[in-house]
Amino acid sequence: MVKDGYPITMVSDIVSLPNFENVLPSTYHVDGMIFAIASAPEIPMPEQWMPWLIQSGDSKLVDKDVDKLADALMNGLRAHLNFMRQEKSPLPQELILAEEVSGFKRPSKALESWLSGLLHVHKLLEPVWENAWQQFEKKNTADNGETLEAPEVRLSRCLKLFSTLANIDLALSYRNEAQTEQLKSNMVLLIKQVPSVLADYTKLSGELAGALPNQFETFSKN
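Report follows, based on the coordinates. (Residues numbered from 1 in each chain as written. Predicted model: local features only at pLDDT ≥ 70, side-chain atom pairs only at ≥ 80, totals over all residues. Heavy atoms only, no water.)

**Looking at the environment of Val11**
Turning to its location among the elements, Val11 is positioned in helix H1 (residues 9–15). Separated by 66 residues in sequence, Val11 and Leu77 have C-alpha atoms that sit 9.8 Å apart. Residues within four places of Val11 in sequence aside, it is in contact with Thr27, Val30, Ile34, Ala72 and Leu73. (Helix = DSSP H or I, 4+ residues; strand = E, 2+ residues; numbered from the N terminus. Contact = heavy atoms within 4.5 Å.)

See the structure below:
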């Protein structure tokens, strides 16, 4: 279920249209991707990121479909930027409710899909993040010679949680029996932490963006 008032509603209708069947990933995956684009220290131009969402290379979209899709995706981007300005979580409440499967609580398929979309785009934008934190470190070494906590360390904490919950079966497969039980016992807490970790992810991006030309206003004025 997609709740009204959240950025995801900007793309949910168009993803479900017959013309876009097999062209776009799931609604949650698309929204996670757009969140990651909006959260980048330097937001790429639409002609760069919009093709990332097309999962079928032989799609036969007509110009009217392309325009409709572009409008929906830009509205989704603006909605995420607006939520970030207001420091609001982009996740509808149902996404952070654990589901019980095979006797233990785990992330919903919707949350896994959303986080997978975020991680997919983050990987594509890794050069942007790396450049941003290099510029940031040059400008933010403390006067006493101490360096502030490296942005990549903060970022790593965020990505570790996202990666764990985006594919919980894979995360469990990497752990021994004791570690598996520990992860399972902490699962509900980890899921509830997602909104605050997303907030830290966007906060870090905003700090890094100060070292780069500000792209924010380009997409947020309308």
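**Considerations on the layout of surface pockets**
Each pocket or cavity is described by its volume, and for the second largest pocket that value is around 160 Å³. Around the second largest pocket sit Arg157, Lys160, Leu161, Thr164, Arg175, Gln179, Gln182, Leu183, Asn186 and Leu190, which together line it. Within the residue set of the lining of the second largest pocket, elements represented by two or more residues are helix H7 (151–166) and helix H9 (177–209). Sorting elements by how many residues they give to the lining of the second largest pocket places H9 first, with five residues. When the residues that make up the lining of the second largest pocket are grouped by side-chain class, the tally is three nonpolar, four polar and three charged. (1 Å grid on protein atoms, 1.4 Å probe; cavity = no way out; pocket = protein on both sides within 12 Å on 5 of 7 lines; lining within 4 Å. Points joined across faces, edges and corners; volume = space filled by probe spheres on them. Nonpolar A, V, L, I, M, F, W, Y, C, P; charged D, E, K, R; others polar.)

**A short note on the packing of helix H6 (residues 126–139) against H9**
The contact between H6 and H9 brings their axes to 9 Å, and the two run at 60 degrees. Taken together, H6 and H9 sit at an angle that is classed as oblique. Contact residues: H6 offers Trp129, Ala132, Trp133 and Phe136, while H9 offers Tyr201, Leu204, Ser205, Glu207 and Leu208. Residue composition of the contact of H6 with H9, grouped by class: seven nonpolar, one polar and one charged. (Axes fitted to C-alpha atoms, helices over the stretch in contact; angles between N-to-C directions. Parallel < 35°, antiparallel > 145°, perpendicular 65-115°, else oblique.)

**With respect to the pattern of salt bridges**
Using the criterion set out here, one finds six salt bridges in the structure. We note a salt bridge from Arg154 to Asp200, for which the minimum N-O separation is 3.6 Å. Of this pair, Arg154 sits in helix H7 while Asp200 sits in helix H9, placing them 46 residues apart in sequence. With relative accessibility at 26%, the residue Asp200 sits in the partly exposed group. Look at Arg154 and you get buried, because its relative accessible area is 14%. Salt bridges linked by common partners bring Arg106, Lys109, Glu112 and Asp169 together as one network. (Salt bridge = Lys/Arg side-chain N within 4 Å of Asp/Glu carboxyl O. Buried < 20%, exposed > 50% of the residue type's maximum accessible area, 1.4 Å probe, protein only.)

These values are about where atoms sit, not about what they do.
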